[in-house]
Amino acid sequence: MALELMALIARIVAMAGTAAALQHRSPCLRYPPGVHVVPLPEIQRQFLLSVPVEFAREVPLVLGFHGFSDSPWYFNAFSDFSKHINRYGWLGILPFGLDEHGTNGLGGVNACCPDDCLDDCCTKGLHLRQKNETACRWSNAKDMFIEEIVKWAGENTCIDQSKVFATGFSNGGVFTNYLACHAGHLIRAFAPISGDNPALDCDVSHPISYVSICGTADDEAMCQYSFEDTAESLSKLHNCAGAGPAGAPVTFQRSATTSCKVWDACPQQNFVEVCRTEGLSHDISGHLRPDSTSYLRPGSDLDFAEYAFQKFSLLANGSMLFWGEPTDEQLRYKESQWPPPPHQDHIYLRNSYQAPSASTLS
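Only a predicted model underlies this, so the values are computations on that prediction, with no experimental measurement involved.

**Student:** Outline the nonpolar core, listing residues and values.
**Tutor:** Counting residues in hydrophobic clusters, the biggest one holds 45 residues, and the most contacted among them are L49, L63, I146 and I187. Apart from the residues lying within four places of it in its own chain, the contact partners of I146 are L63, F65, P95, F175, L179, L186 and I187. Core analysis: the second largest hydrophobic core is formed by 41 residues, V37, L48, W73 and V109 among them.

Spelled out as structure tokens, the structure:
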């Protein structure tokens, strides 16, 4: 009888969790779970909207910027972006860059993909464009339509505009660095990957957090020659100190191949951190490119896409799925029998859920 009672309690707890999840989903319900192309005709631009199966409370927004000749689809597959969006219950936006002439701003699904890799091939990131005038890229000040994107998200979704974060790879990393100096009024934290912008001319009126990474053998962005100086400059601009002597940063060996230098005493609980992965070329640390052009690397490389989300979570104030779980009731149910009872909730996460198939919204 006691076990039956505990099972009943567990079912009630599970039902309550399901009801809460539905409640979290309803404010953003215009867009179902999945990845959608969303046009903004008034500014002739578009972006991918990554919608999780369930939303956390006070939903953070993560912006992700692809590299030169890449596409949002490529970066999504390369970094497991939508997988992390689903795991945290956050909202993701992956804007499309423009070609050299700015003619593909509303080009739809295939806007940044080569002519020989359209539709399904494009959305899986199986080929890159040539690095010519047709390649999508970011042009710093010319691409400050980010303000319009954040405004759109505030008006059409349930995001908390005090919890907006940004990451990007290669040319998208360079752009993320630019935003760190010019969009602190919109974005709280920045995580550029394998892309640096050493010529920093920063507006420091809004404190930010920052974490970056570069491989020591980067053969394209060559960020290894400047990215640590960029982080140090930002630490000084934002009055950050490390835990070392006289406020010096402390270097932590995260693994056999990745180390990170940290300034963790910044105003308003912010941080500055810079990581290097030994021997890594122009790739996302801990990831393989979807077009199979990456060399295999040691498993010790820091998964930086995941690490960036973990660093963002420090600023989310508990806004993530399953915060505070397991509860006391859940633990009592677990301890009510041996072996512990199995769970049938959130199967999409328990079974190594992959992002829903792409869809479009016109």
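**Student:** Please set out empty space enclosed by the protein residue by residue, giving values where relevant.
**Tutor:** Applying the stated criterion to the full structure yields 4 cavities of 30 Å³ or more. There is about 60 Å³ of room inside the largest cavity. For the largest cavity, the full set of lining residues is F75, S79, F81, H84, T167, I193, A305, A308, F309 and F312. Among the elements that make up the lining of the largest cavity, the one with the highest residue count is helix α8 (residues 304-313) (4 residues).

**Student:** Describe in detail a negative patch on the surface, supporting the description with residues and values.
**Tutor:** Where like charges cluster on the molecular surface, the negative patch consists of E42, E147, E148 and E155. Mapped onto the elements of the fold, E147 is located in helix α5 (residues 146-156). Classification of E147 as partly exposed rests on a relative accessible area of 40%.

**Student:** Give me the lowdown on the packing of aromatic side chains, citing residues and values where you can.
**Tutor:** According to the stated counting rule, one finds 18 aromatic pairs in the structure shown. A centroid spacing of 5.1 Å and a plane angle of 70 degrees characterise the contact between F47 and W152, whose relative ring orientation is edge-to-face. Residue F47 is found in strand β2 (residues 45-51), and its partner W152 is found in helix α5; the two are separated by 105 residues along the sequence. The two residues F47 and W152 agree in class, both being buried. Ring plane angle 15 degrees and centroid distance 4.8 Å describe the contact between F165 and F312, whose orientation is recorded as stacked. Linking F165 in strand β5 (residues 159-169) with F312 in helix α8, this pair joins segments that are 147 residues apart in sequence. What makes F165 buried here is its relative accessible area of 0%. In this structure F312 comes out as buried when scored by relative accessible area, which is 1%. A connected cluster of aromatic rings, assembled from ring pairs, spans F75, F81, Y88, W90, F165, F309 and F312. The ring centre of F145 lies 3.9 Å from the NZ or CZ of R45, which sits over that ring.

So, how was this worked out
- Residues numbered from 1 in each chain as written.
- Predicted model: local features only at pLDDT ≥ 70, side-chain atom pairs only at ≥ 80, totals over all residues.
- Heavy atoms only, no water.
- Core = buried A, V, L, I, M, F, W, Y, C linked by side-chain atoms within 4.5 Å.
- Buried < 20%, exposed > 50% of the residue type's maximum accessible area, 1.4 Å probe, protein only.
- Contact = heavy atoms within 4.5 Å.
- 1 Å grid on protein atoms, 1.4 Å probe; cavity = no way out; pocket = protein on both sides within 12 Å on 5 of 7 lines; lining within 4 Å.
- Points joined across faces, edges and corners; volume = space filled by probe spheres on them.
- Helix = DSSP H or I, 4+ residues; strand = E, 2+ residues; numbered from the N terminus.
- Patch = residues over 30% accessible without salt bridge, like charges linked within 9 Å, V, L, I, M, F, W, Y side chains within 5 Å.
- Areas by Shrake-Rupley, 256 points an atom, 1.4 Å probe, with all protein chains shown as cover.
- Salt bridge = Lys/Arg side-chain N within 4 Å of Asp/Glu carboxyl O.
- Lys, Arg positive; Asp, Glu negative; His and termini not counted.
- Charge placed at Lys NZ, Arg CZ, Asp CG, Glu CD.
- Phe/Tyr/Trp six-rings, centres within 6.5 Å; stacked < 30°, edge-to-face > 60°.
- Lys NZ or Arg CZ within 6 Å of the ring centre and 35° of its normal.

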